[in-house]
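Observations on the three-dimensional arrangement
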Amino acid sequence: MSTQRDQAPDLAEQTLNRTTAPAARGQEIKRPAHDHEAEGDHEDGEHEHALEWPEMLRIAVVAVAAAAVWWRLWEPFSAISVIGAAGLLVGGWPIFREAVENLLARRMTMELSMSIAIVAAAAISEFFTALVITLFVLIAEVLEGMTVSRGRRAIRDLLDFLPRAVSVRRGGAVAQVETQALAVGDAVLVNPGGRIPVDGTVIAGHSFVDQARITGESMPVEKTAGTPVFAGSINQSGALEIRAERIGRDTSYGKIIEAVEQAERSRAPVQRLADRLSGYLVYFALGAAALTYLITRDIRSTISVVIVAGACGIAAGTPLAILGAIGRAARAGAIIKGGLFLEQLGHVNTVVLDKTGTLTFGKPEVRALLPATGADATQLLATAGSAELRSEHPLGKTIVAHARSLGRPLKEPERFGYTPGRGIDALLEGEVVLIGNQALMRDHGISVPADLLAGHPEASEVLVARGGRLLGAIVIADTVRPEAAQAIKAIHEMGIKTILLTGDARAVAEVIARELGIPEVAADLLPDDKRMRVRALVDAGRIVAMVGDGINDAPALIEAQVGVAMGSGTDVARESADVVLLGNDLLKFAETLGIARRTRGIIWANFTGTIGVDALGIGLAACGLLNPLFAAFIHVASELTFILNSARLLPSRAREEQVTAATIATTTAAAS
């Protein structure tokens, strides 16, 4: 059971080498031709796990063999079960092979512990018990393989988000060129709806750009001549001409890829706690068995020592607890990509949250109407909605959509004009309507009360005037998810600290944090700033879970011990994360944290119980007070106890099936 993190550095390095090369140095940006090429090159077998027919056939053979041994369908020899031996050879082969490899590498793992138990059980003709253990291991490994992501395919395809061909003005003419042929200084043309391929400065044009993927800003940002733009952002309305200043891996988008690669490479591999403790018990059991034989020269007592401590509760209960918890978390709406991340979740003491798309919906909405003295909300909204009918501005579209949703009648303006950085002016029923910021109002001699928007520091500044008179203001802001406050409260009740990291403005971030009760805030952060903040927390000894939804969150997701992605987030965020929330309900994450902590308690109870039972059993067997028959009974009975303990995490039907299987194993050992 190799861990995902053990092979992540190689995967990251090979993946990024295949997908991208520094275009700034004149090298081609490469994309993978076939996914299986990348998978096949990874020498440790890192791949996207699929349930293959050899695995299903092996499980079926062991299950049929166990049934045949149980019913004694064909037993020509008294000392050995032919069907049982064949089933163990077919089903146990991958377990035995990995155990031998671990032994040669001087690693004592659960596979070695289980192999010893299987062989010991078969040595005393307990073939049914040996087959049940084998079947359990095979199913556990298949289920684990299906839940753990073996590759981060979206990282290989990061650059596919950028256009392959772009329009460039060279020598007075416009030509289509491949992205890898771009050079610093080129004038790149981006049409409405197009994706910006370079970092640079706008030369000409006017538009609104969605750069949430890069900066995390919830609102589209207005772009005019002289303003900067980032690769990976989306041009929403007007055409732009951009002077390329950074291209390829030197862009903000490329830096995100590089940060992901570096975070993968620098992450230290973590061994499962169960493997470590199982290894210690294997050493102890083998040492006790050797000592027993040297003192007593009694092979039956020696075998009893091996059997009673073979596939112990750690090996049997831990995978079941982990898989049960993963299943329960999935029912709660969270996909955990492996037992390692579940274990880490159980230790988390700091949760870092992105804002846009995580705590909020990530889209502007009308939050309130603030009519001025002498005006009313109906007049304010009807005027603003009518004047904005021709607007391409995201805030204008939001106002129109809100007015229509309330059934307000809207009239087409006779004239419409827009002043970049100020707002709009329209002619409606012979009166001039102004919608914009305070600068626009000052330009037309309209005074605005200083306290009009004082209670809404998070809102965009949208003031409305008609016929030279102020009608009021419309509060437009990103909306906090309704379950966010309850989720944050639940996290705090577990004694876990929360921190908000966002690329949005500090005023907006502080309002959100105050509303949700988050004590610590850092705003105006670029993706690498988020990553460095998370790294600083990890370096300070904190166990960090990072929750985000965008490409800009991917570096920080991987830098944390546990990365958590919102289900509606980008593919890169989901593939970079260790936990994916189905949908966007943060309560699912809080519930998953609770499941992880409960799982940790159950596993530790299994550890303590296993050590106690094994120590007592080994002592009795070494003194000749426990023959192989009773050793097998104690072994299976203790395993049943720990299975029942772990099965508390399973859904009810699965729990009943596990209890039934464990009861059969116990009964078989007793009957034999």
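This section reports on the structure supplied with the text. Just so we're clear, the structure is a prediction, and the values are computed from it rather than from any experiment.

1. So, helix α22 (residues 586–622)
Along its 37 residues, α22 runs 53 Å from first to last C-alpha, staying within 8% of the 54 Å computed at 1.5 Å per residue. Note on α22: the residue one or two positions beyond its end, G624, has a positive phi of about 80 degrees.

2. Quick look at unusual backbone geometry
A positive phi angle, near 55 degrees, is found at R297, a position not held by glycine. Among the structural elements, R297 can be located in the loop between α10 (273–296) and α11 (299–308). Here E429, not a glycine, exhibits a phi torsion of approximately 55 degrees, which is positive. Along the chain, the position of E429 falls in the loop between β14 (423–428) and β15 (431–436). On the basis of relative accessibility, which here comes to 46%, the residue E429 falls in the partly exposed class.

3. Quick notes on the environment of I307
For I307, the location among the structural elements is in helix α11. By relative accessible area, which is 3% here, I307 ends up buried.

4. Structural notes on the nonpolar core
Judged by nonpolar contacts, the single largest core of 46 residues is most densely connected at L345, V351, L359, L586 and F589. With nine residues, the top contributor of residues to this core is α22. If we skip the residues at most four places from it in the chain, L586 touches L353, T358, L359, E483, A484, A487, V547, M566 and L581. Ranked by size, the runner-up nonpolar core spans 23 residues in total, among them V69, A85, F127 and L138.

5. As for the pairing of strand β11 (residues 350–353)
Here β11 shows two buried faces, one formed by T350 and V352 and the other by V351 and L353. Relative to strand β18 (residues 497–501), β11 runs parallel, the two being bridged by four bridges. Each bridged residue has a counterpart across the sheet, and for L353 the counterpart in β18 is L500.

6. Considerations on the sheet that holds strand β22 (residues 579–581)
Here we have seven strands laid out as an open sheet, ordered β10-β22-β21-β20-β11-β18-β19, and mixed in their pairing. Of all strands in the sheet, those bounded by a partner on one side alone are β10 (334–336) and β19 (520–522). The average undirected angle you get between the axes of adjacent strands in this sheet is 20 degrees. In the sheet, β10 pairs with β22 via three bridges, with the strands oriented antiparallel. From the neighbouring strand, A334 faces β22, where its bridge partner is L581.

7. Some details on the packing of α11 against α22
Contact geometry of α11 with α22 gives a least axis separation of 8 Å together with a crossing angle of 175 degrees. Here α11 lies roughly antiparallel to α22, going by the angle between them. Contacts between α11 and α22 involve S301, S304, V305 and V308 from the first element and D614, G617, I618, A621 and A622 from the second. For the contact of α11 with α22, the per-class residue count stands at five nonpolar, three polar and one charged.

Reading the values: the criteria
- Residues numbered from 1 in each chain as written.
- Predicted model: local features only at pLDDT ≥ 70, side-chain atom pairs only at ≥ 80, totals over all residues.
- Heavy atoms only, no water.
- Helix = DSSP H or I, 4+ residues; strand = E, 2+ residues; numbered from the N terminus.
- Expected span 1.5 Å × (residues − 1).
- Buried < 20%, exposed > 50% of the residue type's maximum accessible area, 1.4 Å probe, protein only.
- Core = buried A, V, L, I, M, F, W, Y, C linked by side-chain atoms within 4.5 Å.
- Contact = heavy atoms within 4.5 Å.
- Pairing = 2+ DSSP bridges.
- Axes fitted to C-alpha atoms, helices over the stretch in contact; angles between N-to-C directions.
- Parallel < 35°, antiparallel > 145°, perpendicular 65-115°, else oblique.
- Nonpolar A, V, L, I, M, F, W, Y, C, P; charged D, E, K, R; others polar.

Taken by themselves, the reported measurements are silent on function.
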